[in-house]
Amino acid sequence: MEDLKLSLPLIFDFSFGQLEAIFSDLNEPKFRVKQLWQGIYIQLWNKPDQFTNFPKTLRDKLFNTFSFDSMIPEKILQSSDHETVKTLLKLYDGRAIEAVLMKYDQRRTLCISTQAGCAMGCVFCATGQMGFQRNLTAGEIIEQVLHYARLLQQDGERVTNIVLMGMGEPFHNYESTMQAINTLNDADGFNLGARRFTISTVGLVPMIKKFADENRQVNLAISLHEATDEERSKLLPVNKKYPIRTLLDVCRYYIEKTNRRITFEWALIAGYNDDVDTAKKLAELLKGLLCHVNVIPLNPTANPNLKAPTKEQTIIFQQTLENNGIPCTIRLRRGIDIQAGCGQLAIKHNPPTNMI
Ligand code: SAH
Ligand code: SF4
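Definitions and limits used
- Residues numbered from 1 in each chain as written.
- Chains lettered and ligands numbered in written order.
- Predicted model: local features only at pLDDT ≥ 70, side-chain atom pairs only at ≥ 80, totals over all residues.
- Heavy atoms only, no water.
- Helix = DSSP H or I, 4+ residues; strand = E, 2+ residues; numbered from the N terminus.
- Rg over C-alpha atoms; globule rule 2.2 N^0.38 Å.
- Buried < 20%, exposed > 50% of the residue type's maximum accessible area, 1.4 Å probe, protein only.
- 1 Å grid on protein atoms, 1.4 Å probe; cavity = no way out; pocket = protein on both sides within 12 Å on 5 of 7 lines; lining within 4 Å.
- Points joined across faces, edges and corners; volume = space filled by probe spheres on them.
- Nonpolar A, V, L, I, M, F, W, Y, C, P; charged D, E, K, R; others polar.
- Pairing = 2+ DSSP bridges.
- Right-handed = clockwise from strand over helix to strand, strands pointing away.
- Axes fitted to C-alpha atoms, helices over the stretch in contact; angles between N-to-C directions.
- Parallel < 35°, antiparallel > 145°, perpendicular 65-115°, else oblique.
- Contact = heavy atoms within 4.5 Å.
- pLDDT = per-residue confidence, 0-100.

1. What to know about the overall build of the protein
Turning to step 1, where the next piece is worked out: A count of helical and extended segments in the protein gives eleven helices and twelve strands.
Turning to step 2, where the next piece is worked out: Since a compact globule built from 356 residues should have a radius of gyration of about 21 Å, the 21 Å found for the protein is in line with a globular shape.
Turning to step 3, where the next piece is worked out: By its C-alpha atoms, the protein is 70 × 50 × 35 Å across when sized along the principal axes.
Turning to step 4, where the next piece is worked out: Within the protein, buried positions represent 53% of all 356 residues.

See below:
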């Protein structure tokens, strides 16, 4: 497939206010900005002939000023139960990212990437093992959402939830991530409520503080995975910079500031962090915090030494936490047959064979 060349600025990178300023420079009236905004974020248009409410000259001007497409869906994989779809999207510079749609009852949840690759190097994560390539712009984060929104639109459906849990560390690309949320949140446009978003972070303490100070309604999930610094540093190198105590201090700050509950994610790995003692240690650490733990039985990646425990062991871990006063849920494993589960997103040279 031919490469996209992004010679024009991507329209989704601009806020409503910025577009107003540009339209004023183009000598176009203000109401056209609203029409454009509704066109791209409500109607989900991205082709000139869709903007039938615009005169031809303005359509030409728009499509000569902005790009409305910066990525091409290159591979689309569907899980055997048809409830998970993973799309590999090729970016204009030849790099690629992945984004996932999960259908569950009435929910249509998207798992969106914020970076190509990731700099954090967590040993159990396929994205981490790829290394860092680059940050995505706000527009590129938004375009992943619009890609699936258009797909759902064909069935008369809408995106109901967005988790920033795809490739990359959202708090390592803070401004673009927040700008994307602001745009998608706009009531006169895409209109997805702040509470419908969840950001998952590996624990970048200064950014959690900043996020707390912004007092947003967006949900926060923190990837904890181990209860001692020694163990956590082995799996998550970032722990050397922001150890557990510092991390939990900022979590307390966040809860005080926002009065919102934090989700702690726990990728359960057989022989590492799945025993009863660890569960008790974790319960002790989290005592008194407004939080709950979301256990994710480890999804398989390239490392053969890291595996999920048995179902029985998983339930024992959950019950130990619950018995020690910490609410705990086990995350449903979705899309494992197409490597669309948490931590499985990575760009391989050899595409999987189960393409549709
Ligand atoms: N960078 C962010 C968000 C992306 S990863 C973060 O680390 O939080 C989303 C979640 O998947 C994180 O909790 C991460 O620790 C978890 N994860 C990574 N690899 C995994 C694997 N192989 N199995 C299960 N969960 C995994
Ligand atoms: Fe990056 Fe998150 Fe993977 Fe760690 S788990 S390498 S922070 S994407």
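2. A word on the layout of surface pockets
Turning to step 1, where the next piece is worked out: Computed from the structure, the largest pocket encloses a volume of approximately 1100 Å³.
Turning to step 2, where the next piece is worked out: Around the largest pocket sit 36 residues that line it, and Arg-107, Val-163, Met-165, Asn-294 and Arg-331 are the ones nearest its centre.
Turning to step 3, where the next piece is worked out: For the lining of the largest pocket, the secondary structure elements donating two or more residues are strand E3 (96-104), strand E4 (107-111), strand E7 (161-164), strand E9 (219-223), strand E10 (262-268), strand E11 (291-297) and strand E12 (328-330).
Turning to step 4, where the next piece is worked out: Its residues assigned to classes, the lining of the largest pocket comprises 15 nonpolar, twelve polar and nine charged.

3. Things to note about the pairing of E10
Turning to step 1, where the next piece is worked out: With seven of its seven residues buried, E10 lies for the most part within the structure.
Turning to step 2, where the next piece is worked out: Both E10 and E11 contribute to a ladder of seven bridges, which runs parallel. Within the sheet, the bridge partner assigned to Phe-264 lies in E11 and is Val-293.
Turning to step 3, where the next piece is worked out: With helix H10 (residues 276-286) bridging E10 and its parallel neighbour E11, the resulting β-α-β unit is right-handed.

4. Brief notes about the packing of helix H2 (residues 31-43) against helix H5 (residues 138-153)
Turning to step 1, where the next piece is worked out: Between H2 and H5, the shortest axis-to-axis distance is 9 Å and the interhelical angle comes to 65 degrees. Regarding the angle of H2 to H5, the classification is roughly perpendicular. In this structure, H2 uses Ile-40, Tyr-41, Ile-42 and Gln-43 to contact H5, whose residues at the interface are Ile-142, Leu-146 and Gln-153.

5. Comments concerning the environment of Ala-346
Turning to step 1, where the next piece is worked out: Tracing the sequence through the fold places Ala-346 in the segment after E12.
Turning to step 2, where the next piece is worked out: For Ala-346, a relative accessible area of 14% puts it in the buried group.
Turning to step 3, where the next piece is worked out: When the C-alpha positions of Ala-346 and Met-167 are compared, they lie 7.6 Å apart, and in sequence the two are 179 residues distant.
Turning to step 4, where the next piece is worked out: The contacts of Ala-346, once residues within four sequence positions are left out, are Glu-98, Ala-126, Thr-127, Met-130 and Met-167.

6. Here we look at empty space enclosed by the protein
Turning to step 1, where the next piece is worked out: Scanning the model with the defined rule gives two cavities of 30 Å³ or more in all.
Turning to step 2, where the next piece is worked out: For the largest cavity, the calculated volume is near 500 Å³.
Turning to step 3, where the next piece is worked out: Around the largest cavity, the lining is made up of 31 residues, and of these Phe-124, Cys-125, Met-165, Ser-223 and Gly-343 lie nearest the centre.
Turning to step 4, where the next piece is worked out: The set of elements that each furnish at least two residues to the lining of the largest cavity consists of helix H4 (126-130), strand E8 (197-201), E10 and E11.
Turning to step 5, where the next piece is worked out: Taken together, the residues of the lining of the largest cavity break down into 16 nonpolar, twelve polar and three charged.

7. Things to note about the confidence of the model for the protein
Turning to step 1, where the next piece is worked out: On average, the protein scores 93 in pLDDT, and the residues at 70 or more come to 96%.
Turning to step 2, where the next piece is worked out: Of the regions scoring below 50 in pLDDT, residues 349-356 engages in ten contacts with residues more than four places distant in sequence or in other chains.

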